[in-house]
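Spelled out from the first residue to the last, the chains are:
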Amino acid sequence: MNQQPPQTPVPPVLLELGGIEDFVTATAMLRATGARRWNTGRSTRRGTGSSRTFAIDHDLTAPQVAALLDFIDYGTAEGFLKVTVNAPEPDEDGAEEWWDTA
C-alpha cells in the first residue's frame, strides 16, 4: 500500500520574504509580530524548511497585531513581502443574535 506522508497543516497566516534592502528594520518589525519560521518540509541549503517563510499560528496580543499591520504595510510598500491568509470558514450560527446584542 502506498501511503502519503502526513501533510503539515497550513498556518492561518504565512509571510514569505523576498529581497530585503533594510534587513535590520525588516527583521525588527517581523520579530515584533511574534511570527516564527515555518518548516515547509522543503530542503534548503541550511536544512529543512524555507528560511524566508514565517508563520503566525497562535493568538496575538494587541501590540503584535499592530506590529503585523505595520509590517505588512512596510513589506508590501517595499515589495519584499507576500502574505497568505488561510482563514477558517466563518461560523454563521448565532451571528444575527450576536449582532442584535453587540
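Parameters at a glance
Residues numbered from 1 in each chain as written. Predicted model: local features only at pLDDT ≥ 70, side-chain atom pairs only at ≥ 80, totals over all residues. Heavy atoms only, no water. Helix = DSSP H or I, 4+ residues; strand = E, 2+ residues; numbered from the N terminus. Buried < 20%, exposed > 50% of the residue type's maximum accessible area, 1.4 Å probe, protein only. Contact = heavy atoms within 4.5 Å. Areas by Shrake-Rupley, 256 points an atom, 1.4 Å probe, with all protein chains shown as cover. Pairing = 2+ DSSP bridges. Core = buried A, V, L, I, M, F, W, Y, C linked by side-chain atoms within 4.5 Å. Salt bridge = Lys/Arg side-chain N within 4 Å of Asp/Glu carboxyl O.

Caption draft 1: Summary view of the overall build of the protein. Within the protein, the secondary structure is distributed over three helices and six strands. Overall, the protein shows an N-to-C arrangement of helices and strands of β-α-β-β-β-β-α-β-α. Considering the protein as a whole, with its 102 residues, one finds that 25% of them fall into the buried category. A separation of at least 24 residues holds for 64% of the contacts in the protein among residues at least 6 apart in sequence. Put simply, the protein shows about 8,000 Å² of open surface, and 51% of that area lies on carbon and sulfur atoms.

Caption draft 2: Local environment of the pairing of strand β1 (residues 13-17). The buried count for β1 comes to four of five residues, which makes it a mostly enclosed element. Where β1 lies against strand β5 (residues 53-56), four bridges are found, and the strand directions are antiparallel. Bridging across to β5, Leu-14 finds its partner in Ala-55. Relative to strand β6 (residues 81-85), β1 runs antiparallel, the two being bridged by five bridges. Note on β6: the bridge partner recorded for Leu-17 is Leu-81.

Caption draft 3: Molecular detail of the nonpolar core. Counting residues in each nonpolar core, the largest one holds 14 residues, and the members touching the most others are Leu-15, Leu-17, Leu-30, Phe-71 and Phe-80. At the level of elements, β1, α1 (23-33), β5 and α2 (62-78) are the ones that each hand at least two residues to this core. For Phe-71, the residues in contact, after removing those within four places along its chain, are Leu-15, Leu-17, Ala-26, Met-29, Leu-30, Thr-33, Phe-80 and Leu-81.

Caption draft 4: Quick peek at the pattern of salt bridges. The full count for this structure, using the stated rule, is two salt bridges. In this structure, Lys-82 engages Glu-16 in a salt bridge whose closest nitrogen and oxygen atoms are separated by 4.0 Å. Of this pair, Lys-82 sits in strand β6 while Glu-16 sits in strand β1, and the two are 66 residues apart along the sequence. Judged by its relative accessible area of 28%, Glu-16 falls in the partly exposed class. Note that Arg-36 and Asp-57 form a salt bridge whose closest N and O atoms lie 2.6 Å from each other. Of this pair, Arg-36 sits in strand β2 (residues 36-37) while Asp-57 sits in the loop between β5 and α2, and the two are 21 residues apart along the sequence. With relative accessibility at 42%, the residue Asp-57 sits in the partly exposed group.

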